[in-house]
Amino acid sequence: MDFQRLLLGLTISLVSGVVANAEDGEPATAFRTAAISVESNPAGKRVLVDDELFAEYVIDTGRQPAVWPIHGPSGLAMTRSWPLGPRGSHEEIDHPHHESLWFSHGGVNGHDFWAVAKKGPTTHIVHQEFLRCEAVDDGSPAGAVVIETANDWNAGDETILTDKRRLTFGLLGDAADSPRYIDFQINLIASEGAATFADTKEGTFGVRVPGVMKVDAKLGGKIRNSRGQLDEAAWGQAAEWVDYHGPLSATTDPPKQTGGIVIMAHPDAFRPECRWHVRTYGLFAANPFGKKDFPAGTPAQGAVTLDEGETLSLRYRVVFYTGDVGAETIGDWFDTFASTTGE
């Protein structure tokens, strides 16, 4: 009976997260793995870490699906709020097509899906359905959330092509303040006939960083890539990954927090060492199609045409972190991502 009572007491202590400290008799909080979950709302799906918002998948901004808002491990915003929300500190009213985190391209069969078309039919990437939405066991302590969707790329009343995308939301660690990631895998399907992705810098997988983080805010924002190129020198260059980091807030009381965003291209995807349309004003995009607008060099890239029925697959990981992170650590993150396989 005494053993049963002891066992019950230990069980209650572990469940509550409190264990006795044998040395000083003071209670100590035991380690508890963060919990990641997903819920529906009228705009789409919300991904939560310990019941606090991590990111929201918005099915329609008026032009396309996007992920906004996105909160990092500190709880602070990791992308620009405007035009989807109120204008934040040091945010400019520019490029209204830069909607937090999104995927589009500036030329598909002659239609501009990146910016608002100045002529011709209106373009719109239209969410059709959720194919999957669930928390999964990915082998990590916290698990992950997977959201899969099907979308039509429409120019006026005409569907140009379709896509199926999978977004995986997770943690690079056990605790809620661990770096967070979004894996973005997209299959572009020439379901309606041949589809040509134009040679243009205007694309393709994009993030707009918060205003306080951009280099041009002169608050300490920096760009670096896997080849060691910095700030303006990283624009249009090829790299396995790019890191954009700096302040997450403009306040000094309490002291401003710092952090960053890393985007990495998976080595098994199409044109993994792609060019990067990353700007000191805050645009941060991986572009596997642009050539003529970028500096001369390799890979040459250029336009791509899919014959009817063909599929082109792209895979990226976006990591959101706080504090200062060295290139060696980012390299380790890249190696971990490179070891993953798409389903």
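Residues numbered from 1 in each chain as written. Predicted model: local features only at pLDDT ≥ 70, side-chain atom pairs only at ≥ 80, totals over all residues. Heavy atoms only, no water.

**Q** Help me understand the overall build of the protein in this model?
**A** For the protein, the count of helices and strands is two helices and 20 strands. Counting all 343 residues of the protein, 50% fall into the buried class. Expressed as a percentage of contacts within the protein between residues at least 6 apart in sequence, the contacts between residues at least 24 apart total 62%. (Helix = DSSP H or I, 4+ residues; strand = E, 2+ residues; numbered from the N terminus. Buried < 20%, exposed > 50% of the residue type's maximum accessible area, 1.4 Å probe, protein only. Contact = heavy atoms within 4.5 Å.)

**Q** How should a negative patch on the surface be read in this particular structure?
**A** Together, E158, E192, D307, E308 and E310 give the surface a local cluster of negative charge. Residue placement: E158 occurs in strand 10 (residues 158-171). With a relative accessible area of 48%, E158 lands in the partly exposed category. (Patch = residues over 30% accessible without salt bridge, like charges linked within 9 Å, V, L, I, M, F, W, Y side chains within 5 Å. Areas by Shrake-Rupley, 256 points an atom, 1.4 Å probe, with all protein chains shown as cover. Salt bridge = Lys/Arg side-chain N within 4 Å of Asp/Glu carboxyl O. Lys, Arg positive; Asp, Glu negative; His and termini not counted. Charge placed at Lys NZ, Arg CZ, Asp CG, Glu CD.)

**Q** Teacher, can you tell me more about the pattern of salt bridges here?
**A** Side chains carrying opposite charge are able to pair once their charged atoms draw close together. For the structure on display, the rule yields 16 salt bridges. Between D94 and R80 there is a salt bridge, with the nearest N and O atoms lying 2.9 Å from each other. Here D94, found in the loop between strand 6 (66-70) and strand 7 (101-105), pairs with R80, found in the loop between strand 6 and strand 7; they are 14 residues apart in sequence, far enough to count as distant. Here R80 falls in the buried class, since its relative accessible area comes to 1%. Of the charged contacts, one joins D163 and R165 as a salt bridge, the two residues approaching to 2.7 Å between their closest N and O atoms. There is no split in this pair, since D163 and R165 are both buried. In the salt-bridge network here, residues are joined through shared partners; they are R132, E134, E148 and R166.

**Q** Looking at this structure, I do not really get the sheet that holds strand 17 (residues 275-278). What am I missing?
**A** Adjacent strands of a sheet form backbone hydrogen bonds with each other and so pair up, either parallel or antiparallel. With respect to topology, four strands assemble into an open sheet ordered 7-13-18-17, the strand pairing being antiparallel. Lying at the two open borders of the sheet, with one neighbouring strand each, are strand 7 and strand 17. Across this sheet, the average inter-strand angle for adjacent strands is 25 degrees, counted without regard to direction. Alignment of strand 13 (residues 203-208) against strand 18 (residues 283-287), held across four bridges, turns out to be antiparallel. From the neighbouring strand, F205 faces strand 18, where its bridge partner is A286. (Pairing = 2+ DSSP bridges. Axes fitted to C-alpha atoms, helices over the stretch in contact; angles between N-to-C directions.)

**Q** I tried to follow helix 2 (residues 327-338) on my own but got confused; where do I start?
**A** Given 3.6 residues per turn, any residue in an α-helix points the same way as the ones three and four places further on. With 12 residues, helix 2 ought to run about 16 Å at 1.5 Å a step, and its terminal C-alpha atoms sit 16 Å apart, in line with that. Each element contacted by the buried residues of helix 2 is listed here: strand 11 (180-189), strand 14 (222-225), strand 15 (241-247), strand 16 (258-265) and strand 20 (311-322). (Expected span 1.5 Å × (residues − 1).)

**Q** Hey, could you run me through the side chain of R315 in this one?
**A** With respect to the helices and strands, the residue R315 is situated in strand 20. The side chain of R315 is buried and forms no salt bridge, while D268, the nearest opposite charge, is found at 5.2 Å. Polar side-chain contacts of R315 include one of 3.0 Å to the side chain of T340. Look past the residues within four positions of R315 in its chain and what remains in contact with it is F184, Q185, M264, A265, H266, A269, F337, T340, T341 and G342. (Polar contact = N/O pair within 3.5 Å; in protein donor to acceptor, adjacent residues only side chain to side chain.)

**Q** Help me out: how do you make sense of the packing of aromatic side chains in this one?
**A** Aromatic ring pairs are reported here in terms of the distance separating the ring centres and the angle at which the planes meet. Following the criterion strictly, the structure yields 14 aromatic pairs and no others. Plain terms: the ring middles of F103 and F184 are 5.9 Å apart, the flat faces sit at 10 degrees to each other, and that makes the pair stacked. In this pair, F103 sits in strand 7 while F184 sits in strand 11, placing the two residues 81 residues apart along the sequence. With relative accessibility at 1%, the residue F103 sits in the buried group. Classification of F184 as buried rests on a relative accessible area of 2%. On the numbers, 5.1 Å between centres and 10 degrees between planes, the contact of F197 with F289 is stacked. Here F197, found in strand 12 (residues 195-197), pairs with F289, found in the loop between strand 18 and strand 19 (304-306); they are 92 residues apart in sequence, far enough to count as distant. Assessed through its relative accessible area of 0%, F197 is described here as buried. Each residue in the set F103, F113, W153, F184, F205 and Y316 is aromatic and connected to the rest through ring pairs, giving one cluster. In this arrangement the basic side chain of R180 is found over the ring face of F54, its NZ or CZ atom lying 5.3 Å from the centre. The lysine or arginine in question, R317, covers the ring of Y181, its NZ or CZ lying 4.1 Å from the ring centre. (Phe/Tyr/Trp six-rings, centres within 6.5 Å; stacked < 30°, edge-to-face > 60°. Lys NZ or Arg CZ within 6 Å of the ring centre and 35° of its normal.)

**Q** Honestly, the pairing of strand 15 in this entry has me stumped. Any pointers?
**A** Walk down a regular strand and you will see the side chains alternate between the two sheet faces. By the criterion of burial, strand 15 is predominantly enclosed, with seven of the seven residues buried. Looking at chain direction, strand 14 and strand 15 are connected through four bridges and run antiparallel. Residue N225 lies in a different strand from strand 15, and its bridge partner there is V242.

**Q** Looking at this structure, how should I read unusual backbone geometry?
**A** Most peptide bonds take the trans form, and the phi angle of most residues other than glycine is negative. Omega for the peptide link from W68 to P69 comes to -5 degrees, which places this bond in the cis form. Along the chain, the position of P69 falls in strand 6. Residue T204 follows G203 across a cis peptide bond; omega there is 5 degrees. One can find T204 in strand 13.

From the geometry alone we can't say anything about function, so treat these as descriptive.
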